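Listed below, chain by chain, are the residues.
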Amino acid sequence: AGGSFIDQLTESLSLTPLERIALTCSGNLQMVFSSYYMQPVDVVVDKMIQCELSDSDKKMSNPPIVVYDREVDMFIGDSMFCKATCKVKVYDDELYEALETQDVGIGQLLRLRNLGPLFSLHDAGRSNDGGMWRFYSMDCKDMIEFDILEEFSDNAWNIIQTSAN
């Protein structure tokens, strides 16, 4: 399957096959949901605050251009299926420009430069309403890195569309 950690989470959280797919997505979550529902995923950036560089960031030989605290909501039609909260460290000018000027999802941003991130799943669980959450990191060396908490609605894989598109 997905390795002992993924197997343990699958058993302890009673994950469905679709939740296992979401659990292991590495920068392609929008594409997976868009393919599943055969509709575009809309990303709404709720918050993007530039943070001061930490002392450890400042001491790096190649410090980030900028660090953001970022929150986005992802929708299929008018139904929100995921809230993502992340810390983003940007080292690349083109990626910085894209984040500053576009409401762009992480997957879209990675495809912009054809980047394949190193993915590390740190933890996952269930929210009180039964939805899944996951905390993970992605790192594209010397380009951009992310620490991300995603919280999925309990009906993320069962959205009933109320409006015709």
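This text goes with the structure placed above it.
Residues numbered from 1 in each chain as written. Predicted model: local features only at pLDDT ≥ 70, side-chain atom pairs only at ≥ 80, totals over all residues. Heavy atoms only, no water.

K.L.:
So what's going on with the environment of Glu71? Which residues, and what values?
P.N.:
For Glu71, the location among the structural elements is in strand 2 (residues 66-76). Separated by 64 residues in the primary sequence, Glu71 and Phe135 have C-alpha atoms spaced 14 Å apart. Discounting chain neighbours no more than four positions away, the residues touching Glu71 are Val44, Val45, Asp46, Lys47, Lys83, Ala84 and Thr85. (Helix = DSSP H or I, 4+ residues; strand = E, 2+ residues; numbered from the N terminus. Contact = heavy atoms within 4.5 Å.)

K.L.:
So what's going on with the pattern of salt bridges? Which residues, and what values?
P.N.:
One pass over the full model with this rule turns up 10 salt bridges. Lys83 serves as the salt-bridge partner of Asp46, at 3.3 Å between the closest nitrogen and oxygen. Here the residue Asp46 occupies a position in strand 1 (residues 41-51), and Lys83 occupies one in strand 3 (residues 79-90), the gap between them amounting to 37 residues. Residue Lys83 is classed as partly exposed on the basis of its relative accessible area, which comes to 24%. The salt bridge involving Glu52 is made with Lys58; its shortest N-O contact spans 3.8 Å. Taking relative accessible area as the criterion, Lys58 reaches 45% and is therefore assigned partly exposed. Beyond isolated ion pairs, a larger network of salt bridges with shared partners links Asp46, Asp73 and Lys83. (Salt bridge = Lys/Arg side-chain N within 4 Å of Asp/Glu carboxyl O. Buried < 20%, exposed > 50% of the residue type's maximum accessible area, 1.4 Å probe, protein only.)

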